Amino acid sequence: MKMSDMIADMILDMFDDGESTVQIQRNDLANQLGCVPSQINYVITSRFTPEAGYRIESRRGGGGYILISRAESKDNVIMSLINSIGNSIDERTAKAHIINCNYQKRISDKAANMMLSVIAENNFRGITKEAANEIRAKQLKLMLLAYIN
């Protein structure tokens, strides 16, 4: 298992106690896992994003901490993602959103696989990259909306 996966799993386990907010001491967590504090930052900024339904607050200094708050409802998280997509999205970013939603248990494995199939670059042969990215954004939004309805 990758270190980033271990860090993310440990943070997610902290939420498993029914808490909607977790307070982390970055250095303490890094020492506990045997990694550098910057790896903790990387995981938090890449996996605990607003699109994934998290809000991050940090306080610097000797008694500093990182506060991660989770959205209460799966539907609210997916709606936040839909609102963040915009009018265009490339395949790499769309895949990252889908995989992240699946990793966070916001969408099922089956739904994630179907969505990944629909947004794949090979479905857009023969049209411009700009048009493909616009269509992909519309498709992803519609699939996510259908998933929560």
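Rules used throughout
- Residues numbered from 1 in each chain as written.
- Predicted model: local features only at pLDDT ≥ 70, side-chain atom pairs only at ≥ 80, totals over all residues.
- Heavy atoms only, no water.
- Helix = DSSP H or I, 4+ residues; strand = E, 2+ residues; numbered from the N terminus.
- Expected span 1.5 Å × (residues − 1).
- Buried < 20%, exposed > 50% of the residue type's maximum accessible area, 1.4 Å probe, protein only.
- pLDDT = per-residue confidence, 0-100.
- Polar contact = N/O pair within 3.5 Å; in protein donor to acceptor, adjacent residues only side chain to side chain.

A.B. asks: Help me out: how do you make sense of helix α5 (residues 91-103) in this one?
C.D. replies: For an α-helix, the turn length of 3.6 residues means that residues three or four places apart are oriented alike. The end-to-end C-alpha distance of α5 is 18 Å, a good match for the 18 Å that 13 residues give at a rise of 1.5 Å each. Among the residues making up α5, those that are buried are Glu91, Ala94, His97, Ile98, Asn100, Cys101 and Asn102. Of the residues one or two after α5, Lys105 is the one with positive phi, at around 65 degrees.

A.B. asks: Explain the confidence of the model for the chain to me, please; I cannot follow it from the model alone.
C.D. replies: Close reading of the predicted structure is inappropriate where its pLDDT is low. Considering every residue of the chain, the mean pLDDT works out to 87; 93% of them sit at 70 or more. By mean pLDDT, helix α4 (residues 74-85) is the weakest element of the chain at 80, and helix α6 (residues 109-119) is the strongest at 96.

A.B. asks: Sorry, what's going on with unusual backbone geometry here?
C.D. replies: Generally, phi is negative for residues other than glycine and the peptide bonds are trans, each holding for most cases. The phi torsion at Lys105 lies on the positive side, around 65 degrees, for a residue other than glycine. As for its placement among the helices and strands, Lys105 is situated in the loop between α5 and α6. Take Lys105: its relative accessible area is 68%, and that puts it in the exposed class.

A.B. asks: Help me understand the side chain of Arg47 in this model?
C.D. replies: Structurally, Arg47 is set in helix α3 (residues 37-47). Exposure remark for Arg47: the relative accessible area of 17% places this residue in the buried category. In this structure the side chain of Arg47 is engaged in a polar contact, spanning 3.4 Å, whose partner is the side chain of Ser4. Within the structure, Arg47 has its side chain in polar contact with the side chain of Tyr103 (distance 3.4 Å).

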